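# Chains, contacts and geometry: an overview
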Amino acid sequence: MNRLSSRVILRSFILLYLVAFFAYLFLPLLYMSAAAFNQSRFPATVPWQGFTLEWFDALLNDSMLWSSLGNSLLVGAGVVALSVPIGLNAALLLHLLQKRVRTLAYGVMVSPILMPGVILGISTLVFWRGFDVGGGWHLAVLAQTTFIASYCMMMFQARLQRLDPTWEEAALDLGASHFQVMRRIMLPFLAPTAIGAAVIAFLQSFENYNTTLFVYGSDRTLTIYLAGKVRVGLTPAVNALSVIFILLTVAAAVLFEWRRRAEARPAARPVPAKASLGRAAPVPAE
Amino acid sequence: MSIGESVHLENVTMRFGDFTAVDDVSLEIEAGEFFSFLGPSGCGKTTILRMISGFNEPSAGRVLIGGRDMRGSGPNRRPTALIFQNLALFPLMPVWENVAFGLEMRGMARSARRRRAEELLDLVALGNAGDKRVADLSGGQRQRVAIARALAVEPKVMLLDEPLSALDLKLRQHMRAELRAIQKRTGVTFIYITHDQGEALTMSDRIAVMSRGRLEQVARPDAVYNEPATPFAASFVGEANIFQGRVVGLSAEEVEIETDLGRMRARNGGDLRQGDRAMLFVRPERSSIALGGDGGRIEAELVEMEFEGSFINLRLRAPNRQPIMVQMANDGGLGEMARMASVPVSFAARAAIALPEGELAHQ
Ligand SMILES: Nc1ncnc2c1ncn2[C@@H]1O[C@H](COP(=O)(O)OP(=O)(O)OP(=O)(O)O)[C@@H](O)[C@H]1O
Ligand SMILES: [Mg+2]
C-alpha cells in the first residue's frame, strides 16, 4: 500500500471518529431541545405533533420553579463564599507543612470528595440537629461546602505547586514581612485560580442533588424541584428550561473566549529570543 | 549611596541531618571588598550565602555583619540583598515595581518609589524599561533588573549567587565588567559565588576556593593562581601538569622530588620534609620546549598541536604515558617541531610548586 492512500485512510478514520464523538455529545442535547418545541404532553421529539412555544409559556408561569431557581442561586452564592476561602486556607496550610505531614493532611482534606454525597448530607443533618438546627438553604450551603471546599483546595494546591519558592524568599530578603509576602506575592499569584474555583464551586452546588436532598428543609433547590416533578409527571417545560440554560452557557463561553482573545492580542508580539534563556524565573501562564 | 560593611564568619558549620554542607569556615571579608567563593557544584557555596543572608542559621559558629552578631535576625532584618541563582523576579509586576519592591515594603510613597526606581534603572542602563513586563526582557536585562532591585534597598552587603550562569558567553563577559563597575561606584561589599574560575579571577579582590564544605585557600586572584595552597586549589584553578613523588632533598626554599619521570625541583609550597609524599605542579605556560630548566626535564612524545593564534597548545605524552601540556608563544617555529620524534619539555624550579599530597579537583 502506498503512503498516500494510508494517509487518506487515517484521515477519514479521524474524521469519522470526530463525527461520532460530537454526535454522541450533542445529539441528546438537540433531541431534548427539539422536545421543548413539540406539542406533545410528554418530553419527546417523536411523534412530532407540531411546533409550539407553549412550554416556554408554562415555564414562565411555574412560580415554584422560579422560587427553586432562586434558592439554587442563593445556595450557590453561599457555597462560593465559604468554599473559596476555606479551600484557599487549606491549600496554604498544606504549602507550609512538612512533606510527610502534608501527605496525611492532604488525604484527610480530599476524603469528603470520595465519600458518597448522601452520607455527607445525612451527617450534616444529624450533626446540626444536635444544635436544634433544622434543614433549610443555610444547611444546604454547609453540607455542600464540606466537599466543594475540597475541590477548591485542590485547585489552589495545584497552582501553589507552580509557585517559585524563591519569589517568597526574594520578597523577604527585600524586607517584606510574612503578611506583605502574602498580600503582594501569594494572593496576586492565586487570584486567577480564585475565579476558577468560584465558578467550579458554583456549578458543583447548582447541580448537586444527593447531598442537598437531606438538608434542604423547605427551601427546594432547582434539582430537588425537578426530581420531584419526575414523580408527578414531567412536561416539556423542563426541556424549555434546558434550552435556556444551553443558550446561556454557549453565550457565556463565546463571550469569555472573545474577551480572552481581545486581551491576548496586544501581548502577542514576539518575545526577544534571549528571554527564553536558561534558568530565568518561570512565568505562569494565565 | 550606602557604603559596605564587613562580614565575619566565625567557625561556621552547617549540617543537614548528618551531612555537613559547610564545615568550620572562618573568614573575614572586608567592607567594600569584592569577594568570591569559587568551588565545584555542591561544595556549599549557596549554603554559605544563605547563612549570611539569614535564610539558614548556622548549626554552629557565628555570622557577624558590620561587627554585629546576626543570630536570630531573619533575612528581612539584615543589611544584605541576595541576587538569586534564578534571579527570582516577580513576573506579575512590571519592571519598575520589581525594582521598587523593597521601598514599597518600607512604606515609601508611590510617586517617590517610582522616581527612585527610574534612577536605579538608569544606573543599570535600563532607563526606558520601567513599564515593561519582566517576561518581555532579555536575559541580560533581567539580570540588571535584579541588580537594581537589590540596590534599591541600599544594602551594605550584596550577595550574588552565580548570577551570570544563565547568560551566553558574550553577555557574561559584558556583565562581569558591569558588575565590577557597579560595585566600585556604590562601595557596597560584594560577595560573589561562582564555579567559573575565569569569573572569579577577573572580578575579585580576593577569592575563597572551596571543596566539600571547607576552605582550601583564601587569597588574591594572582596568589591563588601562582601560589596555590593545596593540590585542590592548584588543580581547580587553571591548568597544571602534576607529578607525584617523594621528597628526597631539601634546601632553603626548594625541594627535590623523586618521581616516575626522574628527579624534579620546585619551590616548597607547604612545609614539606624529607621523605614526605608530595605533588609538584607546573602551569603549561611556565613549561617550555627546551633543554634547559633546573626544575625538571622530560622527553615527551608530541600528540597534538592546537594553534590559537598568538600562542600554541602542545599536548604531549611522557614515557610513563602521563599527559603533559605546554603552552608557548607563537614564534613561527612550529613546522620544525612537528617533525621531531620526541620533544624535550622542561621547566624552572621557580616556576613549579610542590605541595603535600592531597585531593585533586575532578575536571
Ligand atoms: N536544605 C538542604 N537539605 C539537605 N541538604 C542540603 C540542603 N541544602 C543544601 N544541601 C546539600 O548541601 C550541599 C551543598 O549545597 P549548596 O547548594 O551550598 O552547593 P553549591 O556549592 O551552591 O552548588 P551549586 O554550584 O551546584 O549551586 C549539597 O550537597 C546539597 O545537596
Ligand atoms: Mg548554589
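The name given to chain B in an unreviewed UniProt entry is Spermidine/putrescine transport system ATP-binding protein, with Dongia mobilis as the source organism.

As annotated in an unreviewed UniProt entry, chain A is Spermidine/putrescine transport system permease protein from Dongia mobilis. What the UniProt record of chain A gives under Subcellular location (unreviewed entry) is the line "Cell membrane".

The helix and strand tally for chain B stands at 9 helices and 20 strands. Referenced to the eigenvectors of the C-alpha coordinate spread, the extents of chain B come out at roughly 75 × 45 × 35 Å. Counting over 363 residues, chain B shows a buried share of 54%. Across chain B, contacts joining residues at least 24 apart in sequence account for 66% of those joining residues at least 6 apart. Accessible surface computed for chain B: about 15,300 Å², of which carbon and sulfur atoms make up 47%. On chain B, the mean spot of the 44 positive side-chain charges and the mean spot of the 47 negative ones are 5 Å from each other.

Before going further, it helps to examine the UniProt feature "domain: ABC transmembrane type-1" (unreviewed entry) in chain A. Sites flagged by UniProt as "domain: ABC transmembrane type-1" (unreviewed entry) map to residues 69–256 of chain A. Taken end to end, residues 69–256 of chain A is 80% helix and 0% strand, and its two terminal C-alpha atoms sit 24 Å from one another.

This part is about the side chain of T52(A). Residues and elements named next belong to chain A. Here T52 lies in the loop between α1 (3–35) and α2 (54–61). Residue T52 is classed as buried on the basis of its relative accessible area of 9%. Apart from the residues within four sequence positions on either side, T52 is in contact with A36, F37, N38 and Q39.

In this section: the interface of chain B and chain A. Facing the 37 residues of chain B at the interface are 31 residues of chain A. Contributions of two or more residues to the side of chain B that touches chain A are made by α1 (45–53), β6 (80–83), α2 (95–105) and α4 (139–152) of chain B. Classifying every residue of the side of chain B that touches chain A gives 19 nonpolar, 9 polar and 9 charged.

Gaps between atoms show up when a probe of the same size as a water molecule is rolled over them. Residues and elements named next belong to chain B. One pass over the full model with this rule turns up 5 cavities of 30 Å³ or more. Reported here for the second largest cavity is a volume of approximately 100 Å³. Residue lining of the second largest cavity: Y225, N226, P228, A234, A240, R267, F281, V282, R283, R286, A351 and I353, and that is the complete set. Every element with two or more residues in the lining of the second largest cavity is listed here: α7 (221–226) and β14 (277–282). For the lining of the second largest cavity, the per-class residue count stands at 8 nonpolar, 1 polar and 3 charged.

Turning our eyes to something else, we now look at the site of ligand 1. Residue and element names in this part refer to chain B. Taken together, 13 residues are adjacent to ligand 1, and S41, G42, K45, T46 and T47 come closest. Taking T46, its side chain carries an N or O atom lying 2.5 Å from an oxygen atom of ligand 1. Separating an oxygen atom of ligand 1 from a side-chain N or O atom of E162 is a distance of 3.0 Å. Look at ligand 1: alone it shows 630 Å² of surface, and the protein chains cover 60% of it. Secondary structure elements with two or more residues in the shell around ligand 1: β2 (19–29) and α1. The greatest single-element share of the shell around ligand 1, amounting to 3 residues, is contributed by α1. Residues that form the shell around ligand 1 fall into these classes: 4 nonpolar, 7 polar and 2 charged.

Residues and elements named next belong to chain B. Two strands pair when backbone bridges link them, and strand β17 (residues 311–317) and strand β18 (residues 323–329) are joined in this way by 7 bridges, in the antiparallel orientation. For I312, the partnering residue across the bridge sits in β18 and is M328. Adjacent in sequence and paired antiparallel, β17 and β18 are bridged by 5 residues, among which R321 carries a positive phi angle near 70 degrees.

This paragraph deals with the nonpolar core. F37(B) and M158(B) are the most contacted members of the largest nonpolar core, which totals 106 residues. No other element matches the 10 residues that helix α6 (residues 137–160) of chain A contributes to this core. Residues contacting F37(B), with those up to four places away along its chain left out, are L27(B), I29(B), K45(B), I48(B), I191(B), Y192(B), I193(B), T194(B), A208(B), M210(B) and L215(B). Core analysis: the second largest hydrophobic core is formed by 26 residues, V247(B), L314(B), L316(B) and M328(B) among them.

The next thing to look at is the domain arrangement of chain B. All names here are of chain B. Once the domains are mapped, chain B shows domain 1 (7–227) and domain 2 (232–356). The C-alpha centroid of domain 2 is placed 38 Å from the C-alpha centroid of domain 1. Tallying the contact residues gives 15 residues for domain 1 and 9 residues for domain 2. Of the roughly 1,000 Å² buried where domain 1 meets domain 2, counting both sides, 61% is carbon and sulfur surface. Considering only the surface of domain 1 that becomes buried against domain 2, Q197, Y225 and E227 emerge as the three largest contributors, covering 45% of it. The interface formed by domain 1 and domain 2 holds 5 residue pairs in polar contact (both at pLDDT 80 or more) in total. Elements that contribute at least two residues to the side of domain 1 that touches domain 2 include exactly α6 (197–203), β9 (206–211), β10 (214–219) and α7. Taken together, the residues of the side of domain 1 that touches domain 2 break down into 7 nonpolar, 6 polar and 2 charged.

To continue, consider unusual backbone geometry. Backbone geometry follows two general trends: most residues other than glycine have a negative phi, and most peptide bonds adopt the trans configuration. That bond from V46(A) to P47(A) is cis: its omega, 0 degrees, falls within 30 degrees of zero. As for its position among the elements, P47(A) is in the loop between α1 and α2. Positive phi, normally seen in glycine, also occurs at R212(B), with a value near 50 degrees. Looking at where R212(B) falls in the secondary structure, it is placed in the loop between β9 and β10.

Summarising burial for α2(B): 11 of the 11 residues are buried, a large majority. The set of residues buried in α2(B) consists of V95(B), W96(B), E97(B), N98(B), V99(B), A100(B), F101(B), G102(B), L103(B), E104(B) and M105(B). Those residues of α2(B) that are buried lie in contact with α7 (165–173) and α8 (178–206) of chain A together with α3 (110–123) and α4 of chain B.

Our focus in this paragraph is the packing of α2(B) against α4(B). Residue and element names in this part refer to chain B. One can describe the packing of α2 onto α4 by two numbers: an axis separation of 7 Å at closest approach and a directional angle of 25 degrees. Taken together, the axes of α2 and α4 are roughly parallel relative to one another. Considering only the axes of α2 and α4, their crossing is right-handed. Touching V95, N98, V99 and L103 of α2 are V145, A148, R149 and A152, all from α4. Along the lines of polarity and charge, the residues of the contact of α2 with α4 split into 6 nonpolar, 1 polar and 1 charged.

Let's shift gears to the UniProt feature "transmembrane region" (unreviewed entry) in chain A. Residues and elements named next belong to chain A. Those places that UniProt annotates as "transmembrane region" (unreviewed entry) correspond, in this numbering, to residues 12–31, 73–97, 104–131, 137–156, 185–206 and 237–256. The distance separating the terminal C-alpha atoms of residues 73–97 is 36 Å; by composition the span is 96% helix and 0% strand. Note that residues 185–206 is 100% helix and 0% strand, and that its end C-alpha atoms are spaced 33 Å apart.

So, on to the UniProt feature "domain: ABC transporter" (unreviewed entry) in chain B. As recorded in UniProt, the feature "domain: ABC transporter" (unreviewed entry) lies at residues 7–237 of chain B. Secondary structure across residues 7–237 of chain B divides into 37% helix and 26% strand, with the first and last C-alpha atoms of the span separated by 25 Å.

About the cut-offs
Residues numbered from 1 in each chain as written. Chains lettered and ligands numbered in written order. Predicted model: local features only at pLDDT ≥ 70, side-chain atom pairs only at ≥ 80, totals over all residues. Heavy atoms only, no water. UniProt positions renumbered as here; feature names shortened; annotations may be inferred. Helix = DSSP H or I, 4+ residues; strand = E, 2+ residues; numbered from the N terminus. Buried < 20%, exposed > 50% of the residue type's maximum accessible area, 1.4 Å probe, protein only. Contact = heavy atoms within 4.5 Å. Areas by Shrake-Rupley, 256 points an atom, 1.4 Å probe, with all protein chains shown as cover. Lys, Arg positive; Asp, Glu negative; His and termini not counted. Charge placed at Lys NZ, Arg CZ, Asp CG, Glu CD. Nonpolar A, V, L, I, M, F, W, Y, C, P; charged D, E, K, R; others polar. 1 Å grid on protein atoms, 1.4 Å probe; cavity = no way out; pocket = protein on both sides within 12 Å on 5 of 7 lines; lining within 4 Å. Points joined across faces, edges and corners; volume = space filled by probe spheres on them. Near = heavy atom within 4 Å. Polar contact = N/O pair within 3.5 Å; in protein donor to acceptor, adjacent residues only side chain to side chain. Pairing = 2+ DSSP bridges. Core = buried A, V, L, I, M, F, W, Y, C linked by side-chain atoms within 4.5 Å. Domains from an automatic or database assignment. Buried area = accessible area lost by both parts, 1.4 Å probe. Axes fitted to C-alpha atoms, helices over the stretch in contact; angles between N-to-C directions. Parallel < 35°, antiparallel > 145°, perpendicular 65-115°, else oblique. Left-handed = near helix turned anticlockwise from the far one by under 90°.

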